[in-house]
Amino acid sequence: MSSRAAGSDFGASAHLGDALSALLDGELPPPMERGARAHLAGCPECVQELAAVDQARRWVRALPLVEPPFGFYERMLLERAQPTAGAFGARSTLGRRAGLAALGAAAAAVTVLGVGSPSQAPVSPAVPRLIEAHATSASVGADLLSKLAPAGVPVSFGR
Amino acid sequence: MSGSGVPTWEEIARDHGRFLYTVAYRLTGNSDDAQDLVQDVLLKVRKGLETYRPGSLEGWLSRITTNTFLDETRRRRRRPVDVLPEDPDRVLPPSPGADVASAAETLPDHVQDALRRLPEEYRAAVVLCDVIGRSYEEIGEILDVPVGTVRSRIHRGRALLRKALT
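The paragraphs below set out a description of the structure included in this document. The structure displayed is predicted, hence computed values, not measured ones.

Re the overall build of chain A
For chain A, the count of helices and strands is 8 helices and 0 strands. Along chain A, helices (α) and strands (β) appear in the sequence α-α-α-α-α-α-α-α when read from the amino end. Counting the 159 residues in chain A, one finds 19% classified as buried. Counted over contacts in chain A with a minimum sequence separation of 6, partners at least 24 positions apart contribute 39%.

So this is what it looks like as C-alpha cells:
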C-alpha cells in the first residue's frame, strides 16, 4: 500500500494511495478525479490496489444489520433508563448480566402483580409456601391436583 | 419527540434500536460490549448530555456512539494492562478463517473479526463510511479530524482488512 498522497496532479512517479478509496467513494473533486483516472490508465500497481480496497469496501458494506439480543431494549424500558453510568467498559460482563437478570425478574414480578387488584394486601405467608406445606403434610396419593386444591381454594363448611 | 424536538431515549430504542445496536456491534466487535455501549449512549441522550440539532437522527446517534466508543478505548489504552501497539500500520495477525475464505465467500463473521482487529481510529472511520454511509466531511466532523485524515484512515483500514482476509 502506498501512502504517497495524491494532489490534483498525479505524476508518473507518484501513486494514488489514499485517493483510491476517495475515488471509490466519489469523494474526489472533479479535477482530482480526472487526474486519478488518467493515472490508473497507466499504472497497474494502483489498479491492483484499487481492486483490493474495493473488495474490502464491498465486504464491509455487505455486512447485515445486527439484531440486539431478545428483550434488550424492553429490559431497559422497564428499568426506566437507569443504566449504570459508564457502562461500556466500566462494568464487568457478569455485573451487567446480573443487572439485566434482576431487571428481568423485576419485570416478571411487575407483570404478575399487575394482574391482581392493586388494593389487595400481600398474602403472608405466600401461597407457594402454603402449597408446599400442604403437599408435605398430605397423605400419600397420586393425585397432586386434589392435594393442592385445599391450599389454593379455601372452603368453609357451615358457619 | 419531546416538545423541544429532542428525541426521547424511548423513541430511539423503539424506532432506531436495531440501527444503534448494529453501529455499536460493528465498533466493539462483540455483543456484551455493544450492549454496554448502547446503554451508555442512551444514558447520554436521557441526561441531555449531547446537543441535538434537527437533522439526521441516525447521524446524531452515530456521532454519540462513535465518540463514546473512542473515548472508552482511549481510556482503556491509558491503562497499562490494556496498552495497544502505537504503530497504526501494524500488521494484523491472520484471521482464523483467512486461509479458507476466498474473496467470493468471505463470511460476515470473518469480516467482522477483521474489522474488530483494526486500530480503533481506522475502524471508526470505516464503520462510519461503509456501515453507516456518512460522507467524508461528516466523518471529519464526527471524529474532529480533517477530511484528509478521514481519507487516509478509511483507505488504510480497507487495505488492512483486505490483507487480513486473504
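After that view, the rundown keeps rolling.
Considering the nonpolar core
All names here are of chain B. Counting 57 residues, the largest nonpolar core has Ala24, Leu42, Ala125, Val126 and Leu161 as its most contacted members. Among the elements that take part in this core, helix α1 (residues 9–28) stands out by supplying 9 residues, more than any other. Both domain 1 (1–84) and domain 2 (90–166) contribute no fewer than three residues apiece to this core.

Regarding the interface of chain B and chain A
Of the residues lining the interface, 42 residues belong to chain B; the matching set on chain A comes to 36 residues. At 11 residues, helix α2 (residues 31–46) of chain B tops the list of elements feeding residues into the side of chain B that touches chain A. Tallied by class, residues from the side of chain B that touches chain A come to 18 nonpolar, 10 polar and 14 charged.

Section: the packing of α2(B) against helix α3 (residues 57–78) of chain B
Residue and element names in this part refer to chain B. In contact at an axis separation of 10 Å, α2 and α3 are set at 120 degrees when each is read in the N-to-C sense. If you check the angle between α2 and α3, you find them oblique. In this structure, the crossing between α2 and α3 has a hand that is right-handed. Here Leu37, Asp40, Val41 and Lys44 of α2 come into contact with α3, specifically with Leu61, Ile64, Thr65, Thr68 and Phe69. Among the residues forming the contact of α2 with α3, the class breakdown is 5 nonpolar, 2 polar and 2 charged.

Digging into the environment of Pro146(B)
All names here are of chain B. Relative to the helices and strands, proline 146 is located in the loop between α6 (136–143) and α7 (147–164). Overall, the presence of 11 C-beta atoms within 10 Å leaves proline 146 in the exposed class. Once the C-alpha coordinates of proline 146 and tyrosine 136 are considered, the two residues, 10 residues apart in sequence, prove to be 9.1 Å apart.

Thresholds, definitions, all that
Residues numbered from 1 in each chain as written. Chains lettered and ligands numbered in written order. Predicted model: local features only at pLDDT ≥ 70, side-chain atom pairs only at ≥ 80, totals over all residues. Helix = DSSP H or I, 4+ residues; strand = E, 2+ residues; numbered from the N terminus. Buried ≥ 20, exposed ≤ 12 C-beta atoms within 10 Å, placed from the backbone. Contact = placed C-beta atoms within 7 Å. Core = buried A, V, L, I, M, F, W, Y, C linked by C-beta atoms within 7 Å. Domains from an automatic or database assignment. Nonpolar A, V, L, I, M, F, W, Y, C, P; charged D, E, K, R; others polar. Axes fitted to C-alpha atoms, helices over the stretch in contact; angles between N-to-C directions. Parallel < 35°, antiparallel > 145°, perpendicular 65-115°, else oblique. Left-handed = near helix turned anticlockwise from the far one by under 90°.

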